[in-house]
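Chain by chain, the residues:
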Amino acid sequence: MSSWYFRYEGFEPDKEKLREALCTLGNGYFATRGAAPGSVANEVHYPGTYRAGLYDRQGTTINDTTVENEDVVNLPNWLWLTLRVDGRPLDADSTEVLEYTQELDLARGVLSRTMRLRDSQGRETSISERRFVSMASRHLAALQVTVTPLDWSGQIEVVSGVDGRVQNTLVERYRELESQHLEHELTEEIDDECVLLVARTLQSRIRIAEAVRTRFYENGDGIEPERTLEQEEDRIAHKALFDVEEGEAYTIEKVLALFTSRDHAISEAVYDARRTLAHADGFDGLLDAHVVAWDHIWERCGIEVEGRDGTARVVRLYTFHLFQTASSHTLDLDVGIPARGWTGEAYRGHIFWDELFIFPTLVYRFPEVTRSLLMYRYRRLDEARVAAKKAGYAGAMFPWQSGSNGEEETQELHLNPKSGRWTRDDSHRQRHINAAIPYNVWQHFQVTNDRDFLDFYGAELILETARFWGSLAEYDRSRGRYEILGVMGPDEFHEAYPDAEEPGLDNNAYTNVMASWVLWRALDVLEILPEQRRHELLEHLSIGREEIDRWREISQKMFVPFHGDGIISQFEGWEELEELDWKRYREEYDDIHRMDRILEAEGDTPDRYKVSKQADALMLFFLFSAEELTEIFERLGYPWDPEAIPEMIDYYLHRTSHGSTLSSVVHSWILSRRNREGSWHFFYRAVESDVSDIQGGTTPEGIHLGAMAGTVDLLLRCYSGLEARGDVLRLNPSLPDEFSCLSFRVQYRNVWMQVKVTSERLEVAALPGWEKSIDIAYGDETESLAPGRTLEFDLKKQPPTAPKDATRN
């Protein structure tokens, strides 16, 4: 099978929702799951369509408590297209399936489906489908269905329209919560070919207009079948009847125009939906433009992997999902990038810290997109300031889960599907999101040198999060150091100390180190800013010398807990927790990824045990190079022995259940230098995370975009050793034995280059059309890459400055 195609053979109802999520098509503006035309939401199918950043908030009363949840809204279903013969459905759900193939063409962004069916009267029919969501025209999508009666003649009935009878019901554990988000304003027949449905979200009052056009062809020639209108308050369609002859091909083409009242450059959503549909080309013309747009994306973003493993196909699938979630169509939408993409309703379409894993693959290819996504955070800076002030802190406190306006959207109650109980959720205490955002701003600046963004937006984000950390840190006189109390780390299994009445943990190591780093970077930003802009910002934010001096002191005196022989404690008191009986749980349960749910169902809690959901303290080795970590700990005044890193990795690895798909990405990365076999094991787990749904049912609810992007990033940065730091682009490759060659394009400070890595050589070539030179470093060799030049390095000569620890460089 070509590595550009993802193919499924046979119709398997129990796997259909997984395939629908993985075969979602999108363009950065909206996305539609890969459900079969005419299917409805049930235990087999879920035909969801989502417009990026379109949310609605509803309340639900649970145990006498009213909780509010803001959800990405499942929009009216434009895939409503059903076939009937003699009044009976002609589809894979209702008819005997003789042959069935579903294929996602990654190069062209086209989903196809072919099947041969036998009805109750023994008649056989061939049905093929193609569809795409246009990467060339953000508001358009198209569906083509071709029907061929193989051994019969008769009459076929086609119903094609828009079905507004949809709710948010994909995620089973959310079904006790309010799921209705739409009210219907209008259904209208535009003309003999086109119908329109208009709906509005209940709370956010966003108007959605979907206009569809359906045309019919016989062997390529247009036909005009008998049509009647089927119109209700919440759905509208044309029903067409036409005679068919044995062996002849009959094609139905459907084009969608989707607009909302939040769109730019429109008169009004309904007006522009009708107008755009009227001017839209046919299926083939729209497809041609769509394919050209994807050609341009792959030219920038493709990664070529050669070796005996055959991971190229999955890597392309994951790259495909990333760039159909965040594309050029995302630039002016004022949206973030959700943890599960726009492929389902898990996590309600919220924005988390997954940006840490997603941004690197974007910033080296589409830096303008990462800038747009960072602007989503900047526009919500005032809301973060309100949250900080309300909690008694200075600066800006961003929410763990963000949606439409930057309020904290983390749920207050969480349903454990193993026990059926609703439990308190304190994960909003993951304040480390306020380190992830400035980290992303700084990395964007390192790669792009975008001074305008840093001066007018990025600096303010860094300074205001620094103020938050400066006010959150408390001085402990007995230690002579600053502490951060009552938080949660990335682990998420631990919300409190055993038997504690109040939630929160003290001195989470990852949080404390990242807070110190943010304060340090804030001081750097003040040095980088032009004098006038620095003066303006300090005056605007009322930041004085005393506060800056406090930042400097905290950044040098932050407490970091250690235990044993130089092992960083996940949080203060970690070493006093009980060891978990891993052997017992592995023997008793088929899947122990979610130990928190297992323990709660047993009447216990993970707060009692040394058990982690995912990398926590080890995240430091994922985010920072050896040189950076050395600088950080030297600044903090802690002895730092890189030789302790492998022992620390091993210590936490044996106490981690990997309940997050992100965990495999991090562990693969941090093992890549010292333990190639272990790194490859976790890389392969990351590759399989979504395509094999290794968490047993989570991917059908929405793909894990952070893990997908992180998997691609393992190739892009980890195995090539790519790092932008200072004014130098550094490479220090270490290919797994399973790969013979790795090749990709990246953009660094407005210069495009081709990077090729084998086990013996590193080549970096500047692509034509760029006039400036940049500095490239391998080990202690630094050379200038001039326009048109190719640099070559001999990897058989180990660079003298290559670090000896297990971090990425």
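Just so it is clear, the model here is predicted, and its values are computed rather than measured.

The rules we used
Residues numbered from 1 in each chain as written. Predicted model: local features only at pLDDT ≥ 70, side-chain atom pairs only at ≥ 80, totals over all residues. Heavy atoms only, no water. Helix = DSSP H or I, 4+ residues; strand = E, 2+ residues; numbered from the N terminus. Rg over C-alpha atoms; globule rule 2.2 N^0.38 Å. Buried < 20%, exposed > 50% of the residue type's maximum accessible area, 1.4 Å probe, protein only. Contact = heavy atoms within 4.5 Å. Areas by Shrake-Rupley, 256 points an atom, 1.4 Å probe, with all protein chains shown as cover. Axes fitted to C-alpha atoms, helices over the stretch in contact; angles between N-to-C directions. Parallel < 35°, antiparallel > 145°, perpendicular 65-115°, else oblique. Left-handed = near helix turned anticlockwise from the far one by under 90°. Nonpolar A, V, L, I, M, F, W, Y, C, P; charged D, E, K, R; others polar. Core = buried A, V, L, I, M, F, W, Y, C linked by side-chain atoms within 4.5 Å. Arc of directions from axis to C-beta. Polar contact = N/O pair within 3.5 Å; in protein donor to acceptor, adjacent residues only side chain to side chain. Salt bridge = Lys/Arg side-chain N within 4 Å of Asp/Glu carboxyl O. 1 Å grid on protein atoms, 1.4 Å probe; cavity = no way out; pocket = protein on both sides within 12 Å on 5 of 7 lines; lining within 4 Å. Points joined across faces, edges and corners; volume = space filled by probe spheres on them. Patch = residues over 30% accessible without salt bridge, like charges linked within 9 Å, V, L, I, M, F, W, Y side chains within 5 Å. Lys, Arg positive; Asp, Glu negative; His and termini not counted. Charge placed at Lys NZ, Arg CZ, Asp CG, Glu CD. Pairing = 2+ DSSP bridges.

Glancing now at the overall build of the chain. When helices and strands are tallied, the chain shows 20 helices and 35 strands. Relative to the compact-globule value of 28 Å for 809 residues, the chain shows a C-alpha radius of gyration of 27 Å, a close match. Within the span of the chain, comprising 809 residues, buried residues form 62% of the whole. Restricting the contact set of the chain to residue pairs at least 6 apart, pairs at least 24 apart contribute 69%. In the form shown here, the chain has an accessible surface area of approximately 29800 Å², with 42% of it arising from carbon and sulfur atoms.

Now for helix α18 (residues 662–670). The element α18 is largely enclosed, with a buried count of nine among its nine residues. Of all the residues in α18, the buried ones are Leu-662, Ser-663, Ser-664, Val-665, Val-666, His-667, Ser-668, Trp-669 and Ile-670.

With their axes 10 Å apart at the nearest point, helix α9 (residues 451–472) and helix α12 (residues 545–557) run at an angle of 70° to one another. Classified by the angle between their axes, α9 and α12 sit roughly perpendicular to one another. The element α9 and its partner α12 pack so that their crossing is left-handed. Taken together, the residues of α12 that come into contact with α9 (itself represented by Leu-463, Ala-466, Arg-467 and Gly-470) are Glu-547, Arg-550, Trp-551 and Ile-554. The residue makeup of the contact of α9 with α12, split by class, is four nonpolar, one polar and three charged.

Core analysis: the biggest nonpolar cluster contains 223 residues, and Trp-353, Met-619, Met-753 and Ile-776 have the highest contact counts within it. Among all residues touching Met-753, those that are not within four sequence positions of it are Leu-729, Phe-744, Arg-745, Val-746, Tyr-748, Val-764, Ala-765, Ala-766, Leu-767, Ile-774, Ile-776 and Leu-785. Residues Ala-142, Phe-259, Phe-283 and Leu-287 belong to the second largest nonpolar core, which totals 21 residues.

This part takes up helix α17 (residues 645–653). Turning to α17, its buried residues are Ile-645, Met-648, Ile-649, Tyr-651 and Tyr-652. Looking down the long axis of α17, one finds its buried residues gathered within 160° of arc, a one-sided arrangement.

Attention shifts here to the packing of helix α6 (residues 367–378) against α9. Interaxial distance between α6 and α9 falls to 10 Å at its minimum, and their mutual angle equals 50°. Judged by the inter-axis angle, α6 sits oblique to α9. Along this stretch, α6 crosses α9, giving a crossing that reads as left-handed. Along its contact with α6, which presents Arg-371, Leu-374, Met-375, Arg-377 and Tyr-378, the element α9 presents Phe-453, Phe-456, Tyr-457, Glu-460 and Leu-461.

With that settled, consider the side chain of Thr-465. Note that Thr-465 resides in helix α9. At a separation of 2.8 Å, a polar atom in the side chain of Thr-465 contacts the main-chain carbonyl oxygen of Leu-461. In this view, Thr-465 contacts Ala-396, Phe-398, Asn-434, Pro-438 and Val-518; residues no more than four positions away in its chain are not counted.

This part takes up the pattern of salt bridges. Applying the stated criterion to the full structure yields 67 salt bridges. Across the pair Arg-123 and Asp-86 runs a salt bridge, and its minimum N-O distance is 2.9 Å. Of the two residues, Arg-123 sits in the loop between β10 (110–118) and β11 (124–133) while Asp-86 sits in the loop between β7 (81–85) and β8 (88–89), which places them 37 residues apart along the sequence. Using a relative accessible area of 16% as the deciding quantity, one classes Arg-123 as buried. Take Asp-86: its relative accessible area is 48%, and that puts it in the partly exposed class. Where Arg-749 meets Asp-727, a salt bridge forms, and the shortest distance between an N and an O atom there is 2.7 Å. One end of the pair, Arg-749, is in the loop between β30 (739–748) and β31 (751–758); the other, Asp-727, is in the loop between β28 (723–725) and β29 (728–730), and 22 residues separate them in sequence.

Bringing unusual backbone geometry into the picture now. Among all residues save glycine, negative phi is the norm, and among peptide bonds the norm is trans. With a phi close to 55°, Asp-334 is a non-glycine residue in the positive phi region. In this fold, Asp-334 is placed in the loop between α4 (312–325) and α5 (355–363). Note on Asp-334: relative accessible area 27%, which makes it partly exposed. Here the phi dihedral of Asp-499 falls at roughly 65°; this positive angle occurs in a residue that is not glycine. Within the secondary structure, Asp-499 sits in the loop between β25 (481–483) and α10 (509–528).

As a further point, take empty space enclosed by the protein. To find the voids left in a structure, one rolls a probe of water-molecule size over its atoms. Tallied over the full model, the rule gives four cavities of 30 Å³ or more. Of the volumes computed, that of the largest cavity is approximately 170 Å³. Looking at the lining of the largest cavity, the elements that each hand over two or more residues are α5, α8 (433–448), α15 (619–623) and β28. Of the residues forming the lining of the largest cavity, the biggest block, five residues, is contributed by α8. Of the residues contributing to the lining of the largest cavity, the split by class is eleven nonpolar, four polar and three charged.

As a further point, take a negative patch on the surface. A contiguous patch of negative charge, built from Asp-151, Asp-243, Glu-245 and Glu-246, is present on the exposed surface. Within the secondary structure layout, Glu-246 lies in the loop between β19 (235–244) and β20 (250–260). What makes Glu-246 partly exposed here is its relative accessible area of 46%.

The strand order across the open sheet built from three strands is β2-β3-β4, with neighbouring strands paired in antiparallel fashion. The strands lining the two open edges of the sheet, one partner per strand, are β2 (25–26) and β4 (49–51). Pairing analysis gives two bridges linking β2 to strand β3 (residues 30–32), with the strands arranged antiparallel. Residue Leu-25 lies in a different strand from β3, and its bridge partner there is Thr-32.

With respect to the secondary-structure elements, Arg-745 resides in strand β30. For Arg-745, a relative accessible area of 25% translates into the label partly exposed. In sequence terms Arg-745 and Tyr-393 are 352 residues apart; their C-alpha atoms lie 43 Å from each other. Beyond its immediate stretch of four places on either side in the chain, Arg-745 contacts Glu-299, Arg-300, Gly-302, Arg-365, Trp-752, Met-753, Gln-754 and Leu-767.

This part covers the sheet that holds β30. Spatially, five strands are ordered β21-β30-β31-β32-β35 in an open sheet, and the strand pairing comes out antiparallel. A single partner strand is all that each edge strand has here, and the edge strands are β21 (303–307) and β35 (790–794). With strand direction ignored, the average angle separating the axes of adjacent strands in the sheet is 15°. Here five bridges tie strand β32 (residues 761–766) to β35, and the two strands are oriented antiparallel to one another. For Leu-762, the partnering residue across the bridge sits in β35 and is Phe-793.

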